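# Close look at the chain arrangement
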2 protein chains.
Amino acid sequence: MTWIDETKTLNHPQTSFDSTTFEKDSFFGHLRSLYAETVLQTQLDQLKKQGSYDAFDLKWRDVYNVRRLEGGKTRQDGIPPSLFWESDVGKWIEAVCYFLSSEDTKDTPQAATYKQAMDHIIDLIVKAQQDDGYLNIYFTAVDPTGKFRNLRDMHEMYNAGHLLEASLAHYRYSGSRKFLDVMIKNVDCFINHFGPNKDQKHGYPGHPELELAILRLYALTGEKKHLDFGTYLLEARGVKREDQGGMSYFEYEGRERGLEPLPTTMDLKCPETYNQSHASLHEQDTILGHSVRAFYLITAAADLGGKFYDDAHRLWTDAVDRKMYVTGGFGSEPRWEGFSEFPYHLPVSIKEGGCYAETCASIAAMMTSERLLYRNLSGKVRDTMELCLYNAVLGGGDLQGKAFSYENRLATWGDESAKRADWFEVCCCPPNLSRTLGMLGGYTWRADVDSSAKKISVIVYLYMSCTRVIDLPNGRATIKMQSGMPWKGETSWEMDAPEGWTWEITVPKPNYAANFQIKPAGQAGPEGFLTFSAGHSSRASSTMDLPVRVLASHPLTGQDTLTVSRGPIVYIAEDFDNDKIEASHSHFEGVGLTEDAKFETRELDIQGQSMVAIAATSGVRALVDDSDELYREVNGSTPARKWKSVDSELVYVPWFARANRGGRGHVRVSMKRACE
Amino acid sequence: MTWIDETKTLNHPQTSFDSTTFEKDSFFGHLRSLYAETVLQTQLDQLKKQGSYDAFDLKWRDVYNVRRLEGGKTRQDGIPPSLFWESDVGKWIEAVCYFLSSEDTKDTPQAATYKQAMDHIIDLIVKAQQDDGYLNIYFTAVDPTGKFRNLRDMHEMYNAGHLLEASLAHYRYSGSRKFLDVMIKNVDCFINHFGPNKDQKHGYPGHPELELAILRLYALTGEKKHLDFGTYLLEARGVKREDQGGMSYFEYEGRERGLEPLPTTMDLKCPETYNQSHASLHEQDTILGHSVRAFYLITAAADLGGKFYDDAHRLWTDAVDRKMYVTGGFGSEPRWEGFSEFPYHLPVSIKEGGCYAETCASIAAMMTSERLLYRNLSGKVRDTMELCLYNAVLGGGDLQGKAFSYENRLATWGDESAKRADWFEVCCCPPNLSRTLGMLGGYTWRADVDSSAKKISVIVYLYMSCTRVIDLPNGRATIKMQSGMPWKGETSWEMDAPEGWTWEITVPKPNYAANFQIKPAGQAGPEGFLTFSAGHSSRASSTMDLPVRVLASHPLTGQDTLTVSRGPIVYIAEDFDNDKIEASHSHFEGVGLTEDAKFETRELDIQGQSMVAIAATSGVRALVDDSDELYREVNGSTPARKWKSVDSELVYVPWFARANRGGRGHVRVSMKRACE
C-alpha cells in the first residue's frame, strides 16, 4: 500500500510534515521541543487521570456510572464527557507519531514513555473492536442499545474520524498496519450502515470530522469506496429526503427516537445551524453554528474540491471577513460555542455579551486555510492562516507546557482571570494543539517536483527556520530557510539540487510587510506572493520591515477600538506590566489610545522564549469619569467622552504569551479609540 | 369598610386617580379617550378570541388540551400560555374600572359593553372559586394535583395578585363587594397554606405581584393579617431555612417535586437570580433577573418602607444608573426577559446581542418610582418616572389603539420591523398599558391636607392638563393645571380653596429644563423641585425652554452614540421620513451624527395627535465603506472611521410615535458619534 497521489500526498500537512526539520534554536524549534518534551507528557498524565487512557478496556462503565450518580460529571446538555474520550487519545497518539517521526524531535527523552503509552492504548483499541467493526467505547460499554441512534449529538462518527487520523499517523510512523486495519474495518462498519442507497440510513456526523479523515484514508488506499463515502457524507448533509418523510437526517433520526423533531436549546433562531445541517452545503451562504464543526466540515469540502471548494471558500470568506476576532479567534457565542448569527457581531468579553474563540476553532480555520491554499494560492488566505497560528492557536498553551486555554476571550471582566487551566472536562483543545505543532512542517511550505522539466517548485507559506528534503526520481534536493520571523523580517534560503535541476520559489509578501525586498528580484505571483527562479545550487534572501501597526475594526462591529500589532503578532496589555493603569481602570476598560500614539519595541524573555514587547510611549489616555450619569448631555463644553493623558507607558506583550508571568490575569487586546 | 389611612390612600395612584380629571383636548386627554373608546374594546375582542374571557367557566380544558396536542400553543419553557389568563382579564377589569370611574372617560360610548363584559367575567370568577378559597383556573380545570406545588414557575400567586388589584378597583368603582369578597377569601386560602409558622409552607411568588396587591388590600381593610402576609412574602424571599433542609423555598419545593434542585436554563450564572430568589432582598446589591419581576418586587418593598425602602431605592438606583436604555426601557436580555448580569451592558438591537425593554418593565419601573417618590421626593426619581411614561410605556401602543409592542428594541436589524402586533400569546403588556393610563391621575401629583394648619400641600410630579379635586373637612378645594407639555414648557395653575386655607405647591424642575422660571418665585425644595406658597384663591405659572438635547451614553456602555431628545421625549429615526438615507444605510447602522449637529423642530400630526418632530439639518454623516477589511490599518492618511457628509436632513419623531405610518419599519434611536 502506497499513498496514491505522490504529489498530492506530499502536500498534505499530515504526510508532508516529516520532510521538514526545524532548527532547534529558532522560534518554532524552541516551541516544538517544549511540546515534545513537556506538553505531550503533561497531556499523557492528564489522559491517565481523566480515565481515557484506560477507557478502551471497557471496564470503566462502573466508574462512569458512579460519577454520573454523584452528579459530578453530568454536563448540562446531557452528553457524558467520556463521549469525547476517543478523540482525546486519538489526537494525542497522532501528535506523538508526528513528533517521533520528525528529525528534530524524535529523540526526545520521553520517546520510550510515549511509545509505551501509545502501544498500551492501541492494544486496548484492537481488543475493544466488536466483530462487526463497531468501536465506540461509550456505546459498547454503557449504552449498547443506543448505537447509531443519535448521530446528531453522540459523536460516534466524530470520534471515529479522530481515531482514523491517529491510525494513519501511526501507520506512517511505525509502518505497522495494526491500528490502521482496525480503523479500516471500523470505516467499513459505517459504510455498511450509512450511505445514499435505499437499504442504508442516510446519516452523517453531528460533529464533522469523519469526512476529512476519510479523505485522508483515501489518499492512502486509493479505494473508490473511501472517496465515495467521504463524498457521500458531504453531499447528504442537510438534504431533505423523500424516504426520510421529507425531513433531513437529524430530524428524521430524532423522530425515530420518539423525540421532538428539533432541539430547542441554545436560543438559535434555527437550531439546525448548530451543526450546519440546516441546508445542503451548496445552499449555505453564511457561516453559522458551532465554529469547530463548521471549519472541520469545510476543510473536507475544500479538500474534495469542485463545487465543494467553492462552498468552503465562500464560508471561509464570510468567517474571515465578518466573524473573526483580531487575534484570529472565531466564535462570539458561548451558548453554542460558535459564530454569531449576525455579521460583525464581535463582543470581546463576557461583559459585552460573549466571546468564545475556542482554540480548536482557530486550529480548524488553519486546516481549512491550508486546503484552500493548496488549490488556489492567495495572500489573504495565507495571512489568515499565519494570523491564527501565531495568535489564537499558539496562545492556547502556556510557555511552560503545563496549562491550556479553551476559550480565549480578548478581555477579562470582574473576577475573571486570563490564567490557563490544567485540563478540561472536554479536552479537545490541548491535544489538538499538540498535533498541529507536530505536523507544523506541513503548514510551512509545499513542494512539487516536475520530473520532465527537472523543476522543483516550492511555495513558502510561512517564514520559519527549517530545512526541507525533497525526494527526486534519482536523488534528493534540500531547501534550507532561515528566518528571524516573527520578530525580524530577514529570511534567507539555500537551495541544493542535483545539477540540471532548477528551482522556482514562491514566497509570501505579507499584508503587514513594509519595504519588502527580495534577491533575486521576484516576479509578482498570485496576489500576496512573489516568485523567483534559481539555479540548482543557489541562495536567495528577502527582507521586510515590521513596523508597529495600529488596527481599527470595521465600523459595523461597533467596536471603536485600536489594536496594536507587529508582523503577524497581535498584542495584549496585561496588568503584570501595567499595574498602576489597570488598578485604576479595571481590566483596562477605561483606557484609550489615540490614532497617532507612538510606540517603542523592547526585547522580552518569557520562559526562555525571546520575543518583542511593545510600549505605547504617547497617546495613552484614560476616561475621566466625572459623571455617574448613564446618559449625559453633550454640548460645547461637555463632550461625549472626556479623556485625560496617562503619564506612564502602556506595555503590550504578544497575545500568545499572555498569562505566563502571574499577576491578576486582567487583560485587554483592544483599547477604546480616543479622539483627542 | 373605609380606607384605613386617608392621607396615604389618597396618594396611591390606584385610589387617588379619580380625583383628577383630564382636559379632553390635551396630550393625555386625547390618549385617555383613545384608550377608553378604542383600546379597551380592542383588548376585549382579543380576550374573547384568546379564550381568557370565558376561561373561568372551567370548560376550556378540552380547548386547551386540543391546542396543546396540535402543538400550536406549547411554549418552549413548558408553561401553558393560559397560565397567565387571570392576570390578563384582571388587568383589563382594573383598567375598565379606572376609566369608568374617571369623569373625563366614564361616558365613553362603550361603557355598557365594558360593564357587561366585566360582569360576565366576575360572575364566572365567583362560581369558579373552590370552597377553600382556591381560585386558579388552570390548576382547577386541568391539573388539580399540581396546586401549590410549583410556586416558582406556575404563577398562582402572580395571578391572584392581579385579580386582587382588579377586585379592589371594582369595589372602588362599583361599591359592590362581590368580587372583592372572593379575593379576600382567596387571600385567606394563601394565608392558610403559606407563612412563617411551623405548620405552613414558606413559599412566595416566582413572579412577584401578590406582595404589592396585598399591601393595597391592607390599605383598604386595615387588617393586620394582610399587612403581616405582605411583610412575610417580602421577608421570606430568598432566605434559606433549617426546616427546608437549609435551602431556600424554590429549591426545597423543587426537591419535593423530585426535580433537580435548580433550573439549568437560560444560561444565567445563578439561575435563582431569574426570579430574585438568590438572596434575601436586604442582601441583593445589584438588580438581576426578569425585569418585571424585579420591579414589582421592589415596588412592594418601597411601599412597605423601612429597611425594605432602602432595598428598593438601592436596586432602583442600580437599574437606572447602569441598566436602563435611553428610552426608559429595561432589560437587555431576551433570554430571561431581564437585566444583563453586567453593568452598562446595553446592546440596542438583536444584532448587537440583545435588547428586550419589555413594555411591562417600564410600567413596573414607574410603579416603583412613584412609591419611592411618595417616601422621598427626588428629582432623579421623578425624571425617570416621566422618561418611562412618555417613551418606553406610551410607545407600547400604537396611535390607532389597535396594536401593541411587548419588546421595544432601540434599533431594528435584517428583516425585522418595528411594527407592533395585534396581540401576544402571553399578553401582559397591553392591559398593563390600559390600567396605567386609566390611573394616570394618580401619577400626576399628590395632595395632602393639614386640617389644623388649614394647609393644602400639592406636589406636582408630572406637567399635564387636568384638574384635581381635594376633599377638605368641610368642603373641597380644586387645583387646575394647564400645561403645554411635553411639547411646550408653559404651565399654569389655578388654585381654589375656601377662605382661610392656604396652598403649598411643589413643582418639578426637570433635568432637561432650560431657563426655568416660576411665578410666584419658588423656594428651592428637595433636589429637582421648587416650592411656593399661595393664597386660597390664586394663580401661578412656570415656563421653561425645551431645547433639543444631544445625549451621549456612559463610556462604559461601549455605545459611542448620540441620541436626540427634547423635554421628556426621546426621538427615533424611521425609514418613513428618511427613505433615501435608510435605503443606503440599512437600519441607519452606518449613519452618524456630530456632537455639534444643528436641529430644527417641526410640527407633526399622527392620528390626530399633534407632536413635535426634529430634523438634524447639519452634522449628519454616513460611513464611507471604502474597505471590506474587518481590521484595517490606521495611519496618518487612513483614519479608523471615514465619514462623509450627508446632504439630506435626518428627521426624528418621538419614540412613542414610531411605527404608526407604514414604511419598512426600520428604525434607530441612537446614531454613531462622528468625530469629524
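Going along each chain's sequence as written, the residues are numbered from 1 onward. The order in which chains are written sets their letters, starting at A; the order in which ligands are written sets their numbers, starting at 1. pLDDT decides what is reported in this predicted model: residues at 70 or higher carry local features, side-chain atom pairs at 80 or more are listed and counted, and totals for whole chains, interfaces and linings draw on all residues regardless. The basis for the side-chain values is all heavy atoms of the structure; hydrogens and waters are excluded.

## What about the relation of the copies chain B and chain A?
Screw-axis analysis of chain B against chain A gives a translation of 0.0 Å along the axis, an RMSD of 0.0 Å, and a rotation angle of 180 degrees. One copy is carried onto the other by what is essentially a two-fold rotation axis. Considering only C-alpha atoms, the residue of chain B closest to the rotation axis is Gly353(B), which sits at 3.1 Å. Contacts were defined at the residue level, with two residues in contact if any of their heavy atoms lie within 4.5 Å. Mapped onto chain A, 98% of the interface residues of chain B are again interface residues, and the two copies thus contact each other with one and the same surface. The superposition of copies rests on a least-squares fit of C-alpha positions from residues with pLDDT of 70 or more in both.

## So, the sheet that holds strand β3 (residues 455–460) of chain A
All names here are of chain A. Any two strands between which DSSP finds at least two bridges are classified as paired. We count a stretch as a helix when DSSP gives it H or I for four or more residues in a row; a strand needs E for two or more, and each element gets its number in order from the N terminus. Judged by pairing direction, the sheet is mixed, and its five strands sit side by side in the order β2-β3-β7-β10-β9 without closing on themselves. The open sheet terminates on both sides in strands that have one partner only, identified here as β2 (445–450) and β9 (523–524). Two elements, strand β7 (residues 502–508) and strand β10 (residues 529–534), share six bridges in a ladder whose sense is antiparallel. Residue pairing for β10: Trp 503 is matched across the bridge by Ala 534.

## Describing the nonpolar core
Soluble, globular proteins show a tendency: their nonpolar side chains are buried together. In these notes, a set of buried Ala, Val, Leu, Ile, Met, Phe, Trp, Tyr and Cys residues joined through side-chain atoms within 4.5 Å is what counts as a nonpolar core. Residue exposure (1.4 Å probe, protein chains only): buried if accessible area is under 20% of the type maximum, exposed if over 50%, otherwise partly exposed. With 221 residues, the main nonpolar core has Phe28(A) and Trp503(A) as its most contacted residues. The residues touching Phe28(A), leaving out its near neighbours within four places in the chain, are Phe22(A), Leu389(A), Tyr390(A), Leu394(A), Leu437(A), Leu440(A) and Met464(A). Counting 216 residues, the second largest nonpolar core, distinct from the first, contains Leu44(B), Met367(B), Leu410(B) and Met481(B).

## So, the domain arrangement of chain A
All names here are of chain A. Boundaries of every domain are those given by an automatic assignment or by a domain database. Each assigned domain of chain A is listed here: domain 1 (272–419), domain 2 (451–545) and domain 3 (548–674). Placing a centre on the C-alpha atoms of domain 1 and another on those of domain 2 gives a separation of 30 Å. At the interface, twelve residues of domain 1 touch 16 residues of domain 2. Roughly 1,200 Å² of surface becomes buried between domain 1 and domain 2 when both sides are summed, with 66% attributable to carbon and sulfur atoms. Simply put, the buried area is the total loss of 1.4 Å probe accessible area from both parts when two parts are fitted together. Sorting the residues of domain 1 by area buried against domain 2 places Leu 377, Arg 382 and Tyr 390 first, and these three jointly supply 49% of that buried surface. Each salt bridge in this description consists of a side-chain nitrogen of Lys or Arg and a carboxyl oxygen of Asp or Glu lying within 4 Å of one another. Counting every contact that joins domain 1 to domain 2 gives zero salt bridges. Whenever a nitrogen or oxygen atom comes within 3.5 Å of another N or O atom, the pair is scored as a polar contact, on the condition that within protein one atom can donate a hydrogen and the other can accept it, and that pairs from neighbouring residues in sequence are kept only if both atoms are in side chains. Between domain 1 and domain 2 we count five residue pairs in polar contact (both at pLDDT 80 or more) in total.

## Some words on the pattern of salt bridges
A complete count under the given rule lists 80 salt bridges over all chains for this structure. With its nearest N and O atoms 3.4 Å apart, the salt bridge here joins Lys455(A) to Glu504(A). Residue Lys455(A) is found in strand β3, and its partner Glu504(A) is found in strand β7; the two are separated by 49 residues along the sequence. Overall, Lys455(A) belongs to the partly exposed group, its relative accessible area being 27%. A salt bridge links Glu407(B) to Arg409(B), with the shortest nitrogen-to-oxygen separation between them at 2.3 Å. Glu407(B) sits in the partly exposed class, given a relative accessible area of 33%.

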